[in-house]
Amino acid sequence: MNVNPPLLEVKRLEVSINENKILKSLNLTINKGEIHAIMGPNGSGKSTFSKVLAGHPSYSILNGEILFKGASILDLEPEERSHLGIFLAFQYPIEIPGVSNEDFLRLAYNSKQAFYNKPEVDPLEFFAIINEKLKLVNMSPSFLSRNLNEGFSGGEKKRNEILQMILLNSELSILDETDSGLDIDALRIISNGINNFMNEKKSIILITHYQRLLDYINPTYVHVMYDGKIIKTGSANLAKELETKGYEWLQS
Amino acid sequence: MVNQSNKVLNTNITNLVNQNYQYGFSTTIEKDIIEKGLSKKTIFLISQKKEETEFLLNFRLKAFKKWKKMSQPEWAYLKFPEIDYQDIIYYSAPKAQKKLKNLNEVDPELLKTFEKLGISLTEQKRLANVAIDAVFDSVSIATTFQKELTEYGVIFSSISEAINEYPSLIERYLGTVVPIGDNYFSALNSAVFTDGSFCYIPENTICPLDLSTYFRINDQQSGQFERTLIISEKNSQVNYLEGCTAPQYDTNQLHAAIVELIALENASIKYSTVQNWYSGNELGKGGVYNFVTKRGICSGNNSKISWTQVETGSAITWKYPSCILVGDNSKGEFYSVALTNNYQQADTGTKMMHIGKNTRSRIISKGISAGHSKNSYRGRVNVINKALGARNYSQCDSLLIGDLSNANTFPFISIQNSTTKIEHEASTSKIGEEQIFYFLQRGICLEKGIELMVSGFCREIFTELPLEFAAEADKLLTLKLEGSVG
């Protein structure tokens, strides 16, 4: 029984922040090889959901369960969840002055190596590794010496997030509005990066407001989140329907 | 280090803060003490104990007279209870034989103390490239490599020794950079200073070793009033390092020091400090009150004075290492990292006085405030009308950790000619929950994340420190910040 549990199972999840209940009995199951798009109006709880999966300390879990590969992760620290293969591409990647992108990426990479008792890599070895990945998101090596996200354009920040996802080779990647604020070229580059990264062993949650991302990345399912719950699930066509009709028609 | 279970790490981290001051021990030793309180009599006694010349006794008495008429400065952004100057021991020295001929005669308990602080004074284990003067409470107990330095004509000794052996140099220079009436604490120090270091680098000499003084406050009730004087003659160079620690007491100790630097023509002095006096506990109890006047004069043309400080300790820090740029083309530098945590308060910065032509100064100040602490940069750049072509660059960056700390910048600039160029830059950044979560989400543990952010923030300063100090400073900051977040 249950030899191959789903990659992620979220059951009746209830979450609050500062006494405000944001997620209200949320259910979601994701299998390996699936891409799930979550859409929904502002304030419906999409970003909260992504941060809760990653273990952000500000949220309290009131009820429910989150299973990753069949085991509960509710008691795990954010860094442990990261090591297990959960990655969150932030909607607004934060700027960190004084820390070079390269040092940050290497430390992240080596932290995971160490967690799995693998040897840490030195800066030269790392450069060879990261150089390969840079090409996948069309970034120049000059990115490495810049401070982490500092002075990056919106598109550069988002590409940097995808670069980190590829580097850490996560199994469950949650992309929180990675498409917002991107021009068409950047959207294409990022989508290509995501599509090349995706395979039958991985899963992706795409949180987005726009159908246009789904023109490049084909979702297995589209969910609509409203008031802390998933109120409708459908195929890629649901997104197209939403694009023309808005969310109003679902709320009745 | 990385793959420890981080959950354990996070719960332990709050405990770590309580043990982070590894120099908090005290040494039990037989002491020679002048009773608490400050009067003319105390000064006569100090002078007598040190068998001083009349010049020095008069110097002290004059300072005492001035001090009595002055009052404690109140302009700094610091809050602390009134200091009872009659409740302080002004002289506390380990009892020793009359004159020490060599280190073997130093009380082994003292050698052990310094050994424990990581400062080895014994022949076998000395740091190969650093000569050290070790000051314990009121007196210098040993100076290493003195003989070797003498071969180069370099004088490196305790100031007490210098007062007796090189009276002409002392009379010529003592109190010339920091006049006795300069400020309340300099007057106090001039009246009661008990020891400190003296360095003299002769003409055309590059000092072959880094010189270093290690200050240790041991006694619970004694103040430390040391005085350092460094003279760098024409075409000479010296690197000087200063370290400080004190035991963990729940009362406050007073430390009021003076450092005077004199750089003659084409001379260069680089003075680095890593200050780690006991800073009080996490509730703000105890800790050293650190009121220090440090000033250097670039009296010769093309001379240079560079201050680097890493201030991590003390409950109160009041300190403005400054440069008076008299010689044409002379250069002053100030590089500072000041870190405050818990209830520490620091008001620190520099003064650059441009007097000569084409004088240059550079100020890089990095303040890190964590916990409930207050951290202020206070700086003054003065350019007089004759200082044509003067230039100053100032950069003041503040880093806030958590939501309860406080950072301030008080820059003051006065320019009296139109050929001067001044640049001032300032920034404030924060390590808060979101920054930390970003690191955690990428699998980087709290400690490593903060270490990376803090050392990135301080990099410019650490590159100014001598190598051994830089590594130590990096570690020290990380240690000091443990438990400040999360």
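Residues numbered from 1 in each chain as written. Chains lettered and ligands numbered in written order. Predicted model: local features only at pLDDT ≥ 70, side-chain atom pairs only at ≥ 80, totals over all residues.

### Some details on the interface of chain B and chain A
The cut-off we apply is this: A pair of residues counts as a contact when their C-beta atoms, built from backbone coordinates, are separated by no more than 7 Å. Helix and strand definitions here come from DSSP, where helices need a minimum of 4 consecutive H or I residues and strands a minimum of 2 consecutive E residues; each element is numbered from the N-terminal end. Residue polarity follows a fixed list, in which Ala, Val, Leu, Ile, Met, Phe, Trp, Tyr, Cys and Pro are nonpolar, Asp, Glu, Lys and Arg are charged, and the others, Gly among them, are polar.
Taken together, the contacts link 23 residues of chain B with 24 residues of chain A. The set of elements that each furnish at least two residues to the side of chain B that touches chain A consists of helix 1 (6-16), helix 9 (433-441) and helix 10 (446-462) of chain B. Element by element, the count of residues in the side of chain B that touches chain A is highest for helix 9 of chain B, at 7 residues. Looking at the side of chain B that touches chain A, its residues break down into 9 nonpolar, 8 polar and 6 charged.

### A look at the sheet that holds strand 5 (residues 71-72) of chain A
Residues and elements named next belong to chain A. Applied cut-off: Here, strands pair whenever DSSP counts at least two bridges between them. Fitting a line to C-alpha atoms yields each axis, with helices limited to the stretch in contact; the angle taken between N-to-C directions then spans 0 to 180 degrees.
The 4 strands lie next to each other as 2-1-4-5, forming an open sheet whose pairing is antiparallel. Since the sheet does not close on itself, it has two edges, and those belong to strand 2 (20-30) and strand 5, each with one partner. Summarising the sheet, strand 4 (residues 60-68) and strand 5 pair through 2 bridges and their orientation is antiparallel. Counted as the bridge partner of leucine 67 is serine 72 from strand 5. Helix-sheet contacts for helix 1 (residues 46-54) involve strand 1 (8-17), strand 2 and strand 4, and the interaxial angle to strand 2 is about 70 degrees.

### Describing unusual backbone geometry
Residues and elements named next belong to chain A. Positioned with a positive phi, arginine 12 is a non-glycine residue whose angle comes to about 45 degrees. For arginine 12, the location among the structural elements is in strand 1. The backbone of aspartate 227 sits at a positive phi, close to 50 degrees, despite the residue not being glycine. As for its placement among the helices and strands, aspartate 227 is situated in the loop between strand 9 (221-226) and strand 10 (229-234).

### Notes on the sheet that holds strand 7 (residues 172-176) of chain A
All names here are of chain A. A sheet is described by the order of its strands in space; here 6 strands give the open sequence 6-7-8-3-9-10, paired in mixed fashion. A single partner strand is all that each edge strand has here, and the edge strands are strand 6 (86-89) and strand 10. When the angles between neighbouring strand axes are averaged without regard to direction, this sheet yields 20 degrees. Looking at chain direction, strand 9 and strand 10 are connected through 5 bridges and run antiparallel. The residue of strand 10 that forms the bridge with methionine 225 is isoleucine 230. In the packing of helix 9 (residues 236-245) onto the sheet, the strands contacted are strand 3 (35-39), strand 9 and strand 10, and the crossing angle to strand 9 comes to about 45 degrees.

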